[in-house]
Amino acid sequence: MQIARVNRIKEFDGQKVQLNGWVYNSRRSGKIGFLMLRDGFGIIQCVVVKNDLGEEKFEDFKRLTQETSISVIGTVAKNDRAPGGFEIQTEDFTIIQLSDGYPITPKEHGTDFLMNKRHLWLRSKRQHAILRIRHQIIKATRDFLDSHDFTLVDTPIFTPNACEGTTTLFGTEYFGETAYLAQSGQLYGEANAMAMGRQYNFGPTFRAEKSKTRRHLTEFWMVEPEITFCDFEENMQWAERMVEYIVRQVLENRQNELAVLERDIAPLEKIKAPFPRVSYDECVEMLQKGGFDFEWGGDFGAPDETFIAEHYDKPVIVHRFPSQIKAFYMKRDPENDKLALGMDILAPEGYGEIIGGAERESDYNTLLERVEKENLPKEDFEWYLDLRRYGSVQHSGFGMGIERVVAWICKLPHVRETIPYPRMLGRLRP
RNA sequence: UCCGGUGUAGCUCAGUCGGUUAGAGCAGUGGACUGUUAAUCCACGUGUCGUAGGUUCGAGUCCUACCACCGGAGCCA
């Protein structure tokens, strides 16, 4: 007996197959029944006819409950009345385990209830579609970088201290000293880039901020390319080309999933590089003209970002921020010492910052001054300063938050649905 | 951490001005139906009204504190 998967069911048209999965839903109309079988790869309708299966088997069919695990044997047949165009004319089935009282019914539920049942919620159509798109985004990201000779180099999660000082870190006991969970792999990424030319690190990062917004998780995934012999402008080009590639790959390969989410794809089809560039100075002017009470030197809040992004139908690159609000490792603008060569990419449709990047300071003395000025523990940064001691070169990089990209491309109201098991303020389980 | 909101059946919610017996839809169970698409129709059940105090003849309803959750701010990807 051939075992088929729903996503490949076309290849078995007219053949007798076995399908293994779970009962998504079942309906009956007297002596004929319809069993929606979910196998993880898709959902297919199995037609169950009393006269074909016999009295006893049909009674078994009537006992089936939501999410009961089951093996179905039947013939694949094209039928326009079936969702997906194919159905199974059931000949036999075996109950593997009868599910009892599955909590997620086909009707409405609140987010908190569903999050408490996240391990089961993942089985529903919408969550399945999101996870498939998330995977496509990650795959496209890696394919893009791999095809341009980047090497994936992992960076540590246990670290001795903060890379950017300001953010709150999760501390943990580490054989008698305190270790912190990484909030970024970037500094290690710079070291890796000096070894590999082009590298990216891709892993979970942790921020202990007590943020309660639709954009924040305490554990999230970030990809951070780092490129040697790369200036600020080229860095922006890498970032915009990567975003363009990711969106195109999702549009080409995940149409069904976008349709499940009822995502309007017209705005995504406009995502082509180059993206508009607007300086921080221009943003300040834009905000002030728009009636915002904003002074030069401050950082943008969420409403500010949204206002700026609304002017464009593509992601917008905001560049050259005041150095005082940016991290110590960012290179100063040679044309204006008050500015740092940092950039953020703001997604359209109100999704805010998805990428943050910069050209890095490559001069030893300048970097040392900043470490001292920011009161960073110099001994822990000696290895980082080594990168400027032994063959320092111009280099740049950026970090992209996966969950924010998933939220944007799927047009979800909150990042908590973009990751299988979200970790946020007040959410550690399941 | 701050501001605002919500908490009533397994789920989603209604509950008037404080009034005597707590309400609906869905889910579930039983039945009818040979093409259903979250099927339809008939029948059946369920309550620590978030927790603890207080006001009152009487509290789901008013007051206080606490807890949980939701939204927003700050911070960030």
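Residues numbered from 1 in each chain as written. Chains lettered and ligands numbered in written order. Predicted model: local features only at pLDDT ≥ 70, side-chain atom pairs only at ≥ 80, totals over all residues. Heavy atoms only, no water.

Spatial strand order, S8-S10-S9: 3 strands in an open sheet with antiparallel pairing. Both edges of this open sheet fall to strand S8 (158–159) and strand S9 (171–174), since each of them pairs with a single strand only. Here 4 bridges tie S9 to strand S10 (residues 177–181), and the two strands are oriented antiparallel to one another. The partner of Glu173 across the bridge, within S10, is Thr178. (Pairing = 2+ DSSP bridges. Helix = DSSP H or I, 4+ residues; strand = E, 2+ residues; numbered from the N terminus.)

Tracing the backbone shows Ser124 in the loop between helix H4 (118–121) and helix H5 (125–147). A distance of 2.8 Å separates a polar side-chain atom of Ser124 from the backbone oxygen of Trp121. (Polar contact = N/O pair within 3.5 Å; in protein donor to acceptor, adjacent residues only side chain to side chain.)

Another aspect to go through is the packing of aromatic side chains. For the structure shown, the criterion picks out 19 aromatic pairs. Measuring from centroid to centroid gives 5.1 Å for Tyr174 and Phe175, while their planes differ by 65 degrees, and the two rings are edge-to-face. Residue classification places Tyr174 among the partly exposed residues on the basis of a relative accessible area of 33%. Aromatic side chains Trp383 and Tyr384 sit 5.8 Å apart centroid to centroid with 70 degrees between the ring planes, which places their arrangement in the edge-to-face category. What links up through ring pairs into an aromatic cluster is the set Tyr188, Phe328, Tyr329, Phe381, Trp383 and Tyr384. When the ring centre of Phe41 is taken as origin, the NZ or CZ atom of Arg5, which lies over that ring, is 5.0 Å away. Directly above the ring of Phe321 sits Lys326, whose terminal nitrogen or CZ lies 4.2 Å from the centroid. (Phe/Tyr/Trp six-rings, centres within 6.5 Å; stacked < 30°, edge-to-face > 60°. Buried < 20%, exposed > 50% of the residue type's maximum accessible area, 1.4 Å probe, protein only. Lys NZ or Arg CZ within 6 Å of the ring centre and 35° of its normal.)

A separate point is the protein's contact with RNA strand B. Neighbouring RNA strand B are 49 residues, the closest being Arg27, Asn51, Lys107, Arg214 and Arg404. Among the atoms of RNA strand B lying within 4 Å of the protein, the sugar-phosphate backbone contributes 48%. Measuring from a sugar or linking oxygen of RNA strand B, one finds a backbone N or O atom of Ser29 at 3.4 Å. At 3.4 Å, a side-chain N or O of Asn79 approaches a base nitrogen of RNA strand B. Those elements giving two or more residues to the surface near RNA strand B turn out to be strand S2 (16–29), strand S3 (32–38), strand S4 (43–49), helix H3 (111–116), strand S12 (219–228), helix H11 (302–309) and strand S17 (352–359). (Near = heavy atom within 4 Å.)

Two side chains carrying opposite charge are able to pair once their charged atoms lie near each other. Tallying each qualifying case throughout the model produces 26 salt bridges. The partner of Arg126 in a salt bridge is Glu417, and the shortest N-O contact between them spans 3.1 Å. Of this pair, Arg126 sits in helix H5 while Glu417 sits in the segment after helix H14 (402–410); the two residues are 291 residues apart in sequence, bridging distant segments of the chain. What makes Glu417 buried here is its relative accessible area of 9%. A salt bridge links Glu382 to Arg389, with the shortest nitrogen-to-oxygen separation between them at 2.7 Å. Judged by relative accessible area, Glu382 falls into the partly exposed class, the value being 26%. Residue class for Arg389 comes out partly exposed when judged on its relative accessible area of 33%. Three or more residues joined by partner-sharing salt bridges are found here, namely Lys378, Glu382, Asp386 and Arg389. (Salt bridge = Lys/Arg side-chain N within 4 Å of Asp/Glu carboxyl O.)

Within the secondary structure, Leu122 is located in the loop between H4 and H5. What Leu122 contacts, discounting residues up to four positions off in sequence, is Gln127, His128, Leu131, Pro420 and Tyr421. (Contact = heavy atoms within 4.5 Å.)

It is worth spelling out the domain arrangement of chain A at this point. Domain parsing of chain A yields domain 1 (2–97) and domain 2 (118–417). Between the C-alpha centres of domain 1 and domain 2 there is a distance of 46 Å. Listed per partner, the contact involves 6 residues of domain 1 and 4 residues of domain 2. At the boundary of domain 1 with domain 2, total buried surface from both sides reaches about 410 Å², with 50% on carbon and sulfur atoms. (Domains from an automatic or database assignment. Buried area = accessible area lost by both parts, 1.4 Å probe.)

Once that is clear, we can look at the pairing of S4. A large share of S4 lies buried, amounting to 5 of its 7 residues. As paired elements, S3 and S4 share 7 bridges and run antiparallel to each other. When the bridges of S4 are listed, Gly33 appears paired with Val48. Both S4 and strand S6 (residues 86–97) contribute to a ladder of 3 bridges, which runs parallel. Opposite Gln45, over in S6, you have Glu87 as the bridge partner.

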